[in-house]
Amino acid sequence: MAPIEVLKQVSDVIWEIPTSYKAGMRVPARLYGTEKLIRELDDAVYDQITNVATLPGITKYALCMPDGHFGYGFPIGGVAAMDIEQGGVISPGGIGFDINCGMRLVTTNLTYKDVKPHLKELVDKLYDRVPAGVGSTGFVKLARNDFRKVVEQGAQWCINNGYGWEDDLEFMEEQGCIKGADASKISEKAIDRGVHQIGTLGSGNHYLEIQVAKRENVFDNVLAKQMGITKSDQVVIMFHCGSRGFGHQVATDYLLRFLKVMDSKYGIKILDRELACAPFDSPEGQAYFAAMKCGINMSFANRQVILHRIREVFSQVFGQSAEDLGMQLVYDVSHNTAKLEKHFVDGKERSLLVHRKGATRAFAPEMADLPERYKETGQPVIIGGSMETGSYLLTGVATGDQTFYSTAHGSGRSMSRTKARKMWRGDVLQKQMQQRGIYVRSTSYSGLAEEAGGAYKDVDEVIEAAELAGISQRVAKLTPIGNIKG
Amino acid sequence: MPYEFLEEVATADIAFHAWGTTLEEVFKAAGDAVMNTMIENLDAIALSQTRTFNLEEDALDLLLFNFLQEFVYYKDSELLLLRTRQVQIEEQASIYHLSATTQGEQLDRDRHHQRVDVKAITLHQFELKKTDTGWSTQVILDI
């Protein structure tokens, strides 16, 4: 049980660890969550988030979102904004190996009644068309030089090559292509690992899900309508994946590179080697920033190709074009990134490198980078819950400035994979879920068991905590009916 | 099986402890633990293709880190599932040199039962240490 007595309670859902907790902390740490969530938190989070608080340039607080849990380097749910004019660092351990792992939500104009008779066919076809599991490869065959273009151009490359609609780009962070990606900063090994993987889901907690927005689960009709959820029992598609082996290798390459120079060249001492870092404005820091952006773009491209495949499958099954089926991209969110953003700190505008690791950007209404459609609503935030309990669509709010406009990214695990696979059996779980109206396919029964709903926190409580804290607002809860697990 | 998966370390990721009486044994065991995280039935991997790893590092634990990373690399780049046949570690002028012969085959979805994909080896709580009986390591894998 976590040592809750060391915390200073700031509000019902904000808890502070003072700098006196550990030598070297430059700022306090703040944990978000209801008392129940905080009491259930892994002890390791205390250690990890206070290690983050020692990093050079960290501004205001080391933050942990309500879905936070044991990570590596940063906890999952960790947010840290580094002031680049005050020696702020960039750290792969604050982003995660899966650079720009993120979520997409796509609408349809179909209802549950329309989809139910075709559910099995849809899931089976999606399972065939969107490869998942260990080391899977996609259908886009690329020469290495073309892959370099993909990682520099992101989703724009996909649109240019016929995988999607021009206006999809508007509904992605960075419009699907972050500027400054430089393929000369990535290794041949990273290309070897990623070149065949565009259009693949991956494994672990990555998934593709068909969901229903039930009337009683829409919390704000105006916001929901602006985000494309307009009718009762409307069917939507949500998926979760990242930059695959390419991003993982980029992060690994620079983790090792930073370890070699961090102390010897820059005199930075850290409490966990997974927090290896370099000053943002150093040659090494800038090289990683440009390489990491290639990972961001690979991930945008990966999700774009998957979106294209999903549209093809729905179109084939319903005998209508994806346009006629209303298959609009609601938004694409990133939850493993470091981005250079302007934020007001104590009344002064500062340039901050905001690390979000298992945390979602949640920009408030009227902020830059939001498409016209969401200027009034705020940024759609897509929260992937467990495959049994449901997911959420949220929006960013003005009071999110307290977390540099960041919120949760998922339900948050509460049990280890190794323990979960002993508690549940994948084949039994699959049958039980089918009886409850959720048709699930997976490349792995043990992988499925590890993803059981019981291995996760209560997603409703996590989202309630985020709303009470004023870092995001609920729009709708989305419940699963079909799922492909990697 | 000189390794075990740990229930109480890591949540979304997978942690293991591996051991051996010699350095070579612990490297071999840890390599199998990485592969066993991805494939349940290691015995189903036919040893029909060979890959050689030649690595060097100034720290022994980072040599292990790089060694384990190779299994993840070949799984993605060539879809190869590899197991260690032979490994040799030597120290020369404060640099550790590793030479390993690994064998395996390409992933076959029908014969190889998947568990979860390994994204990366992490350095969080990464440890390689000498014990009374030999060597031991703890590793957290990013899933």
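Everything discussed here concerns the structure shown above.
The structure contained in this document is the topic of the report that follows.

Let us look at the packing of helix H5 (residues 144-153) of chain A against helix H10 (residues 283-318) of chain A. Each pair of packed helices can be described by the angle between their axes along with the distance between the axes. Residue and element names in this part refer to chain A. The N-to-C vectors of H5 and H10 enclose an angle of 95°; their axes lie 6 Å apart at closest approach. Taken together, H5 and H10 sit at an angle that is classed as roughly perpendicular. Each of Phe147, Val150, Val151, Glu152 and Gln153 in H5 lies in contact with H10, whose residues at this interface are Lys293, Cys294, Asn297, Met298 and Ala301. A class-by-class count of the residues in the contact of H5 with H10 yields six nonpolar, two polar and two charged.

Bringing H10 of chain A into the picture now. Residue and element names in this part refer to chain A. The terminal C-alpha atoms of H10 lie 53 Å apart, and with 36 residues this matches the ideal 52 Å at 1.5 Å per residue to within 8%. With respect to burial, H10 is a largely interior element, 31 of its 36 residues being buried. Gly319 lies just past H10 and shows a positive phi near 65°.

The subject of this paragraph is the sheet that holds strand E5 (residues 74-83) of chain A. All names here are of chain A. Taken in spatial order, the seven strands of this open sheet run E1-E2-E3-E4-E5-E13-E12, and their pairing is mixed. Lying at the two open borders of the sheet, with one neighbouring strand each, are strand E1 (8-11) and strand E12 (336-345). Along the sheet, successive strands turn relative to each other by an average axial angle of 40°, direction set aside. As paired strands, E12 and strand E13 (residues 348-357) are joined by ten bridges and run antiparallel to one another. Bridging from a neighbouring strand, Ala338 pairs with His355 of E13. Contacts between helix H2 (residues 43-52) and the sheet are confined to strand E2 (14-17), strand E3 (29-32), strand E4 (62-72) and E5, with E4 contributing the most and set at about 110° to the helix.

Conventions adopted
Residues numbered from 1 in each chain as written. Chains lettered and ligands numbered in written order. Predicted model: local features only at pLDDT ≥ 70, side-chain atom pairs only at ≥ 80, totals over all residues. Heavy atoms only, no water. Axes fitted to C-alpha atoms, helices over the stretch in contact; angles between N-to-C directions. Helix = DSSP H or I, 4+ residues; strand = E, 2+ residues; numbered from the N terminus. Parallel < 35°, antiparallel > 145°, perpendicular 65-115°, else oblique. Contact = heavy atoms within 4.5 Å. Nonpolar A, V, L, I, M, F, W, Y, C, P; charged D, E, K, R; others polar. Expected span 1.5 Å × (residues − 1). Buried < 20%, exposed > 50% of the residue type's maximum accessible area, 1.4 Å probe, protein only. Pairing = 2+ DSSP bridges.

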